[in-house]
Amino acid sequence: MIFYQPLAYWLVAGFYDVLDHLQLPLTEKYKVVRRDPGRGNTVTRRQVIMRVLLQQFIQFVINLLVFILDSESCTRCAEPASFLHRASRFVLGLYVMDTWQYWIHRLVHVNTFLYKHLHSVHHTLMIPYAYGALYNSVLEGLLLDTLGGVVTLYVAGLDCQTATAVFTFGMYKTVIDHCNYRGWVNPLHSLFPNCAQYHDIHHDIRGIKANFSQPFFTHWDWIMGTFLDYNGMHYSVEELDQQQKDKAKLKAEARAATPNGKKRQ
Ligand SMILES: [Zn+2]
Ligand SMILES: [Zn+2]
């Protein structure tokens, strides 16, 4: 199980990074692009990669220790469980993870000391991208992801297989919520109320005190009055499609106006 999460992270994040580089018309129109982009990122991509690798190494060691120390987890895995039992535990696991993440995420925003020394690291990514999903301070990573994983494991009473499914799915969801794609490029985007657009606005200065829920649901934001509706804050798919067509048309006109397609001196 402990290998699945980092593997899932880099596979999924790598896919979206390739799309970002290729900039294919087929995928570019599904990008989540703010009408008002706000401030840019203040951290380099190399810094992000190095920090994420460090986080994953620390989490790997801790997960390994949990499995070594909790010998009963092997017994629990060996016990037969019905599909219905596992499915209900899976859903419960998502809710426990979501609840933990909402309250810790909210805490590190409300408490100025914690924000300054922990969570502000993640918010140097003003415009998120897929492999920046785990770009956090080491302490925040321990609190939010590692400790959150342990709490989810025991509160939801997950066996190894269900725990693997919950954590791998949680990792996948966290990455795609930072990928800034929707539509067919991000198939879960419209299946969950919490999505790339919902989280993108949290990375913007306008939404920094809202949309703390992650990675699946939004009910805690609704209940606690921290919900921010992102509707209208991004260009629609149709608008981006039109922008691309306009650009292509301008390019074609420029080529046609230049004899033999050569640039004018
Ligand atoms: Zn935040
Ligand atoms: Zn984020």
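Think of each chain on its own: its residues are numbered from 1, step by step along the sequence as written. Written order decides the labels, with chains lettered from A and ligands numbered from 1. For this predicted model, a pLDDT threshold of at least 70 governs which residues receive local features, and a threshold of 80 or more governs which side-chain atom pairs are given and counted, while totals over whole chains, interfaces and linings are taken from all residues. Only heavy atoms go into the side-chain values, all of them from the structure, while hydrogens and water stay out.

1. Quick look at the overall build of the protein chain
What counts is decided by this rule: Runs of E in the DSSP output that reach at least two residues are strands. Runs of H or I that reach at least four are helices, and both are numbered from the N terminus. Any two residues whose heavy atoms approach within 4.5 Å are treated as being in contact. Using a 1.4 Å probe, accessible areas were evaluated by the Shrake-Rupley method; residue-level cover was limited to the displayed protein chains. Note that His is not counted, nor are the chain ends; the positive residues are Lys and Arg, and the negative ones are Asp and Glu. Taken as the charge location is NZ of Lys, CZ of Arg, CG of Asp or CD of Glu.
Summing up its helical and strand segments, the protein chain has 11 helices and zero strands in all. Along its sequence from the N terminus, the protein chain presents helices and strands in the succession α-α-α-α-α-α-α-α-α-α-α. Dimensions of the protein chain, computed from C-alpha atoms along their principal axes, come out at roughly 75 × 40 × 35 Å. Expressed as a percentage of contacts within the protein chain between residues at least 6 apart in sequence, the contacts between residues at least 24 apart total 73%. Accessible area of the protein chain: about 14,100 Å², with a carbon and sulfur share of 66%. Taking the average location of the 25 positive side-chain charges in the protein chain and that of its 21 negative ones, the two points are 10 Å from each other.

2. Re the nonpolar core
Here is the rule: Here, the term nonpolar core denotes a set of buried Ala, Val, Leu, Ile, Met, Phe, Trp, Tyr and Cys residues that are joined through side-chain atoms within 4.5 Å. Categorising residues by exposure relies on relative accessible area from a 1.4 Å probe, with only protein chains included: less than 20% of the type maximum marks a residue as buried, more than 50% marks it as exposed, and the intermediate range marks it as partly exposed.
Ranked by internal contacts, the top residues of the largest apolar core, which has 36 residues, are Tyr9, Tyr16, Val48, Tyr135 and Val175. Among the secondary structure elements, those contributing two or more residues to this core are α1 (4-22), α3 (45-69), α5 (83-110) and α8 (160-176). Here the element with the most residues in this core is α8; it accounts for six residues. Apart from residues lying up to four places away in sequence, Tyr135 is in contact with Val43, Gln47, Val48, Arg51, Val52, Val121, His122, Thr124 and Leu125. Formed by five residues, the second largest nonpolar core is a distinct cluster that contains Cys195, Ile201, Tyr230 and Met233.

3. Describing the packing of α3 against helix α7 (residues 138-155)
Filter applied, for reference: To get an axis, a line is fitted to the C-alpha atoms, and for a helix only the part in contact is used. The angle between two axes follows their N-to-C directions and goes from 0 to 180 degrees. Less than a right angle of anticlockwise turn of the near helix away from the far helix marks a crossing as left-handed, whereas a clockwise turn marks it as right-handed. Put simply, Ala, Val, Leu, Ile, Met, Phe, Trp, Tyr, Cys and Pro go in the nonpolar bin, Asp, Glu, Lys and Arg in the charged bin, and everything else, Gly too, in the polar bin.
Between α3 and α7, the shortest axis-to-axis distance is 10 Å and the interhelical angle comes to 35 degrees. Crossing angle aside, the handedness with which α3 passes α7 is right-handed. Across from Arg51, Leu54, Gln55, Ile58, Gln59, Ile62 and Val66 in α3, the residues of α7 making contact are Val138, Gly141, Leu142, Asp145, Thr146, Val150 and Tyr154. For the contact of α3 with α7, a count of residues per class yields eight nonpolar, four polar and two charged.

4. Here we look at the coordination of the zinc ion (ligand 2)
What counts here: For Na, K and Ca the donor cutoff is 3.2 Å, while for all other metals N, O and S atoms must lie within 2.8 Å; water is not among the atoms, so some sites may look incomplete. Angle rules define the geometry names used: all angles between 85 and 135 degrees makes four donors tetrahedral, while opposite donors over 155 degrees apart and all other angles between 65 and 115 make four donors square planar and six octahedral, leaving every other case irregular.
Binding of the zinc ion (ligand 2) to the protein goes through His122 (NE2), His178 (NE2), His199 (NE2) and His203 (NE2), at separations of 2.1 Å. Relative to the metal, the four donor atoms surrounding the zinc ion (ligand 2) lie at angles of 92 to 157 degrees, and the coordination shape comes out irregular. Read in sequence order, the donor residues for the zinc ion (ligand 2) give the motif H-x55-H-x20-H-x3-H. Note that His122 is positioned in the loop between α6 (112-117) and α7 and His178 in the loop between α8 and α9 (196-203), a separation of 56 residues in sequence. In this structure, His122 and His178 share a single accessibility class: buried.

5. Points about a nonpolar patch on the surface
Rules: Patch definition: residues above 30% relative accessible area lacking any salt bridge, with like charges linked at up to 9 Å and the nonpolar side chains Val, Leu, Ile, Met, Phe, Trp and Tyr linked at up to 5 Å. Basic side-chain nitrogens of Lys or Arg form a salt bridge, by our definition, when they fall within 4 Å of a carboxyl oxygen of Asp or Glu.
On the surface, Phe57, Val61, Leu64, Leu65, Ile68 and Leu69 cluster together into a nonpolar patch covering about 610 Å² of accessible area. Relative to the assigned elements, Ile68 resides in helix α3. Its relative accessible area of 57% is what places Ile68 among the exposed residues.

6. Structural notes on the domain arrangement of the protein chain
How we decide: Throughout the structure description, domain borders are defined by an automatic or database domain assignment. Buried surface area refers to the total accessible area, computed with a probe of radius 1.4 Å, that the two partners give up upon joining, counted for both partners together. Between N or O atoms, a polar contact is any pair within 3.5 Å; within protein, one atom must be a potential hydrogen donor and the other a potential acceptor, and residues adjacent in sequence are included only when both atoms are from side chains.
The domain architecture assigned to the protein chain consists of domain 1 (4-234) and domain 2 (237-265). In this structure, domain 1 and domain 2 have C-alpha centres spaced 39 Å apart. Across the boundary between the two partners, domain 1 contributes eight residues, which contact five residues of domain 2. Taking both sides of the interface into account, the surface hidden between domain 1 and domain 2 amounts to around 570 Å²; carbon and sulfur atoms contribute 54%. It is Lys29, Arg35 and Arg182 in domain 1 that bury the most area against domain 2; as a group they hold 64% of the surface buried on that side. Counting across the domain 1 and domain 2 interface gives one salt bridge. Here Arg35 and Glu239 are joined by a salt bridge, their closest N and O atoms 2.7 Å apart. Scanning the region where domain 1 abuts domain 2 turns up two residue pairs in polar contact (both at pLDDT 80 or more).

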